[in-house]
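If you want the building blocks of each chain, they are given just below.
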Amino acid sequence: MFRNFKLVPKILFGRGCFAQLDEVVGGRRKSGEDWAVFVVDDVFKGKDLEKRIPLHDNDFLLWVNVADEPKTGYVDKLTLEAKNFNAAFPCAVIGIGGGSAMDLAKSVSLMLTNEGSSTEYQGWDLIKNPAVWHAAVPTLSGTGAEVSRTAVLTGPEKKLGLNSDYTVFDQVVLDPELTKDVPKEQHFYTGMDCYIHCIESLQGTYINEFSKAYGEKSLDLCRQVFVDNHPDSADKLMMASFFGGMSIAYSQVGACHALSYGLSYVLGTHHGVGCCITFDTLDEYYPDGVKEFRAIMNKTGVDIPRGLTKDLTGDQMETMIRVALGLDPLWENCLGKDWKNIMTRDKARSLFEKM
Ligand code: NAD
Ligand code: ZN
C-alpha cells in the first residue's frame, strides 16, 4: 500500500513574518462572535513576544507549561479550559512554541471536536472528526512537529501520538527571528533531533527518493548550521527542521528514536536530549553519523547527561526495553525484517546500560 500523504497547505516564511499572523487568523474570523485560542509556551510570559500576540477581545490566551513533555491528562485539562472559556467552537487554535507547545495546540484542536479523553485516540487514525483549524508558529527548530501528522503524548499506559490526517496543521508560520533566545543547550539538543531524523531516515531500509530528497537537503542545512556556523543559521535550521520532518513522514526514524522512547517513558527524559543520549551509544548502527554528532558536540561545547540508567530497578529496565522494542516499524527501518534476531532484549539492555 502507498501512503497518501497529507501536507500542510499554507506556509509563511521569513524573518518578521510573525507580524502577518493577525491577517492570517483574520481570514478565519467570519463574524464578530468568532474567537481564537492562542496556545503559547509560558517561557514567553513577560517577554516581547507576548505583546506581539495578535489577541482580539474575544480571544483566549492559553499559557502552557512544557517542563514535562505533553501528557494526555494535561491535554484534557487544557481542552476543558478552552471549552469553559466559550462553549462555541473557536475559529482557530494557534500554537506558539517548540515541539511541545505545537503538539499541545494540535491536541487541543483535535480534542475540542472529538469527545472523551485524549488517551482514547493515542494510536493511528482513531480520530473521528476534523479538528478546529489550527496553525503553528515554531520558536525552536528541529522536531519537525510543524509538518508531521502526529502529536506525541504520554498517557497512563503508553507514549504514543495522536496520528491522523486531521492532526496536520492548516497553516505554518516560519519566522526564524523567533528562535533567537533559545538557550545554547536546547538549540543543540533540538537541532540534533533534526540531524538524527535525517541520519535515521537516509540510512533506513524504508528509504525512497521522496524521503531522500528532503533528508539530504535537511542534512546539508544541519551541517551548514552546526559545522560551518553559517551566519543565517536560524533560517537554515528552521528549514532543516521542516525538511527533516518531510523526510521521515514518508520513511521512518530508527534505533535512536526507539530507544529514546523507552528512556523518556521511564525517566521523563526530554525528546531532544534523550535522542542525543541514545544516539551516542549507536556507533555500531550509524558509525559515520555518530562520529559527526560527537564532533559537533565537541565543537559546540554542550555535553549530554550520563549515568542515567545506573540506578534503575530491574522492573524499570524491563519497562524501558519493552517500550523501546514495541516500536516495530522503527526497528524494521533500521535493521530490516530480521530485526528481532538482531536487536534482542539483551542487546537493548546492553545499550541502555551505556547511557
Ligand atoms: P520543547 O518544546 O519541549 O521546548 C524545550 C525548552 O525550550 C522549553 O523549556 C521551552 O520553554 C524552551 N523554548 C522554546 N522556544 C524558546 C525560545 N524561542 N526561547 C527560549 N526558550 C524556548 O522542545 P522541542 O525539542 O522543540 O520539542 C520536544 C517535544 O516535541 C517533545 O514533546 C516531543 O515528543 C515532541 N516531538 C514531536 C514531534 C512531532 O512530529 N509531533 C516530533 C519530534 C518531537
Ligand atoms: Zn525526533
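Residues numbered from 1 in each chain as written. Chains lettered and ligands numbered in written order. Predicted model: local features only at pLDDT ≥ 70, side-chain atom pairs only at ≥ 80, totals over all residues. Heavy atoms only, no water.

For the protein chain, an unreviewed UniProt entry supplies the name Alcohol dehydrogenase and the organism Desulfobacter hydrogenophilus.

Some details on helix α7 (residues 233-249)
Put simply, the rule is: By definition, any uninterrupted DSSP run of H or I lasting at least four residues is a helix, any uninterrupted run of E lasting at least two residues is a strand, and each is numbered from the N terminus. One fewer than the residue count of a helix, multiplied by 1.5 Å, yields its expected span. The classification of residues rests on relative accessible area computed with a 1.4 Å probe and restricted to protein chains. Under 20% of the type maximum is buried, over 50% is exposed, and intermediate values are partly exposed.
In this model, α7 (17 residues) spans 24 Å end to end at C-alpha, consistent with the 24 Å of a helix rising 1.5 Å per residue. Across the 17 residues that make up α7, a large majority, 13, are buried.

Focus on the sheet that holds strand β8 (residues 159-163)
Quick note on the threshold: For two strands to pair, DSSP has to find at least two bridges joining them.
What the three strands build is an open sheet, ordered β5-β8-β7; its pairing is mixed. Because the sheet does not close on itself, it has two edges, and the strands there are β5 (123-124) and β7 (152-154). Here β7 pairs with β8 via three bridges, running antiparallel. Residue Thr154 lies in a different strand from β8, and its bridge partner there is Lys159.

Things to note about the site of ligand 1
Threshold: Nearness is defined per residue: one heavy atom within 4 Å of the molecule or strand is enough. Whenever a nitrogen or oxygen atom comes within 3.5 Å of another N or O atom, the pair is scored as a polar contact, on the condition that within protein one atom can donate a hydrogen and the other can accept it, and that pairs from neighbouring residues in sequence are kept only if both atoms are in side chains. In this description, accessible areas are obtained by the Shrake-Rupley approach with a 1.4 Å probe, and a residue is regarded as covered only by the protein chains that are shown. In the scheme used here, Gly and all other residues not listed as nonpolar or charged are polar, with Ala, Val, Leu, Ile, Met, Phe, Trp, Tyr, Cys and Pro taken as nonpolar and Asp, Glu, Lys and Arg as charged.
In the vicinity of ligand 1 lie 26 residues, with Asp41, Gly99, Ser100, Ser148 and Thr190 positioned nearest. Within the backbone of Gly99, one N or O atom sits 2.8 Å away from an oxygen atom of ligand 1. Between ligand 1 and the protein, one listed contact pairs an oxygen atom with a side-chain N or O atom of Ser148 at 2.6 Å. Out of a free accessible area of 870 Å², ligand 1 has 89% covered by protein chains. Looking at the shell around ligand 1, the elements that each hand over two or more residues are α4 (99-111) and α5 (184-202). Sort the elements by how many residues they give to the shell around ligand 1 and α4 lands first, with four residues. When its residues are assigned to classes, the shell around ligand 1 shows 10 nonpolar, 10 polar and six charged.

Some thoughts on the domain arrangement of the protein chain
Under the convention used in this document: Those domain boundaries reflect an automatic or database domain assignment. Note on contacts: a residue pair is in contact if any heavy atoms of the two residues lie within 4.5 Å. Buried area is calculated as the accessible area (1.4 Å probe) missing from two parts once they are joined, with the contributions of both summed. Throughout this description, the term salt bridge denotes a Lys or Arg side-chain nitrogen within 4 Å of a carboxyl oxygen of Asp or Glu.
What the domain assignment reports for the protein chain is domain 1 (10-174) and domain 2 (188-353). For domain 1 and domain 2, the distance between their C-alpha centres works out to 26 Å. Of the residues lining the interface, 23 residues belong to domain 1; the matching set on domain 2 comes to 20 residues. Between domain 1 and domain 2 lies a buried interface of about 1900 Å² when both sides are counted; carbon and sulfur atoms form 61% of it. It is Ser141, Val147 and Lys159 that lose the most area in domain 1 upon contact with domain 2, and together they represent 30% of the buried surface on that side. At the junction of domain 1 and domain 2, the tally comes to one salt bridge. Put simply, domain 1 and domain 2 have 10 residue pairs in polar contact (both at pLDDT 80 or more) between them.

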